[in-house]
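As a plain string of letters, each chain reads:
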Amino acid sequence: TIGKAIAAKAAAGEKADESWYRRALAIAFDKSMAPEVAASSEALLGAYPSATNWRDVLIIYREGAKVDDQTNLDVMRLMRANGALTGERDYVEYAQTAILGGFPGEAKGVLDEGIAKGALQASTPAVKEMLDSVNSKVSSDKASLAGLEKESAAARNGRAAMGTADAYLGYGEYAKAAALYKLALEKGDVDADAANLRLGFALAKSGDRSGADAAFAAIRSAPRTQLAKYYTIWADSAA
């Protein structure tokens, strides 16, 4: 009923109130109606892509999909891209997950951002411990990437290229990351859906919207198929 009301508003050249979209999502979520959750969340983000809505939608997605750590990193990257990380818990979880994944550069970026925004205190023992850990690793990690690029080019499969691309992504070096994700996909033996999702993100960040759309459209398996739709909405709204 709410969907029909929103469609009627659109047909009349009007925009429905944000509360209508949020109510539709709440009903679908409360009743565990997965297709309706997907549709109503996409509609909400398309009409009202605020940081609050992005956070709510991605948390709902994450809970419903029961994602692993690697997919959770992709969720938090999208939250960060939309300014949807809020409070100590979000930043600490993101940093810890990046550290466990072996991405000290990404963890440092997240921690520094959290401190700059007042969400974290550098003097807090847990935050200080993480900062000390990543700061001790970033220099050598960054210095190793050029060599890893060469190894990736010579490797028989795409796993080295994928890992190196992930590291570059964490440092915000999107063009290098995109090139290596493409190499990983060409060589194979990697999670193609993860590679395409991150390739799309890197391309969108580099300004290649058509390339990003193609990468997101190439994703075939749950739970990243729905996440790819959210990435596409982000890329469209950021263009």
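In what follows, the structure referred to is the one given above.
1. Observations concerning the packing of helix α9 (residues 159–170) against helix α10 (residues 174–187)
- With their axes 8 Å apart at the nearest point, α9 and α10 run at an angle of 160° to one another. Classified by the interaxial angle, the pair formed by α9 and α10 is roughly antiparallel. Considering the relative orientation of α9 and α10, their crossing is left-handed. From α9, Ala-161, Met-162, Thr-164, Ala-165, Asp-166, Tyr-168 and Leu-169 reach across to α10, where they touch Tyr-174, Lys-176, Ala-177, Leu-180, Tyr-181, Leu-183 and Ala-184.

2. Points about the pattern of salt bridges
- Tallied over the entire structure, the rule returns 18 salt bridges.
- In this structure, Arg-77 and Glu-106 form a salt bridge, with 2.9 Å as the shortest nitrogen-oxygen distance. Placement of the pair is Arg-77 in helix α5 (residues 69–81) and Glu-106 in helix α7 (residues 104–116), with a sequence separation of 29 residues. Each member of the pair, Arg-77 together with Glu-106, is buried.
- Look at the salt bridges and you will find they share partners, linking Asp-74, Arg-77, Glu-106, Asp-166, Asp-191, Arg-198 and Arg-224 into a network.

3. Observations concerning the packing of helix α1 (residues 2–11) against helix α2 (residues 18–30)
- Look at α1 against α2: their axes get within 10 Å of each other, and the N-to-C directions meet at 155°. Compared by their axis directions, α1 and α2 come out roughly antiparallel. Considering how the two elements wind past one another, α1 and α2 form a crossing that is left-handed. Counted together, Ile-2, Ala-5, Ile-6 and Lys-9 of α1 and Trp-20, Tyr-21, Arg-23, Ala-24 and Ile-27 of α2 form the full contact between these two elements.
- Split into classes, the residues belonging to the contact of α1 with α2 amount to seven nonpolar, no polar and two charged.

4. Here's the deal with the nonpolar core
- Ranked by internal contacts, the top residues of the largest apolar core, which has 72 residues, are Trp-54, Leu-58, Leu-78, Leu-227, Tyr-230, Tyr-231 and Trp-234.
- Looking at this core, the element that brings in the most residues is helix α11 (residues 192–205), giving eight residues.
- Ignoring anything within four residues of it in the chain, the contact list for Trp-54 reads Leu-45, Pro-49, Leu-78, Asn-82, Ala-84, Tyr-230, Ile-233 and Trp-234.

5. A short note on helix α6 (residues 87–101)
- Between its first and last C-alpha, α6 extends 22 Å over 15 residues, near the 21 Å set by a 1.5 Å rise per residue.
- All of the buried residues in α6 are Asp-90, Tyr-91, Val-92, Tyr-94, Ala-95, Thr-97 and Ala-98.
- Where α6 is buried, its residues touch α4 (51–65), α5, α7 and α8 (125–154).
- One or two residues past the end of α6 sits Gly-102, with phi positive at roughly 85°.

6. Describing the layout of surface pockets
- Its volume calculated, the largest pocket comes out at about 290 Å³.
- What lines the largest pocket is a set of 15 residues, among which Ala-34, Val-37, Ile-60, Tyr-61 and Gly-64 lie closest to the centre.
- The set of elements that each furnish at least two residues to the lining of the largest pocket consists of α3 (34–47), α4 and α13 (224–238).
- Examining the composition of the lining of the largest pocket, we find that four residues originate from one element, α4, more than from any other.
- A class-by-class count of the residues in the lining of the largest pocket yields 11 nonpolar, four polar and no charged.
- Estimated volume of the second largest pocket: approximately 250 Å³.
- Surrounding the second largest pocket, 13 residues form its lining, Ile-2, Gly-3, Ala-24, Glu-36 and Ser-40 being those nearest its centre.

Cut-offs and rules
Residues numbered from 1 in each chain as written. Predicted model: local features only at pLDDT ≥ 70, side-chain atom pairs only at ≥ 80, totals over all residues. Heavy atoms only, no water. Axes fitted to C-alpha atoms, helices over the stretch in contact; angles between N-to-C directions. Helix = DSSP H or I, 4+ residues; strand = E, 2+ residues; numbered from the N terminus. Parallel < 35°, antiparallel > 145°, perpendicular 65-115°, else oblique. Left-handed = near helix turned anticlockwise from the far one by under 90°. Contact = heavy atoms within 4.5 Å. Salt bridge = Lys/Arg side-chain N within 4 Å of Asp/Glu carboxyl O. Buried < 20%, exposed > 50% of the residue type's maximum accessible area, 1.4 Å probe, protein only. Nonpolar A, V, L, I, M, F, W, Y, C, P; charged D, E, K, R; others polar. Core = buried A, V, L, I, M, F, W, Y, C linked by side-chain atoms within 4.5 Å. Expected span 1.5 Å × (residues − 1). 1 Å grid on protein atoms, 1.4 Å probe; cavity = no way out; pocket = protein on both sides within 12 Å on 5 of 7 lines; lining within 4 Å. Points joined across faces, edges and corners; volume = space filled by probe spheres on them.

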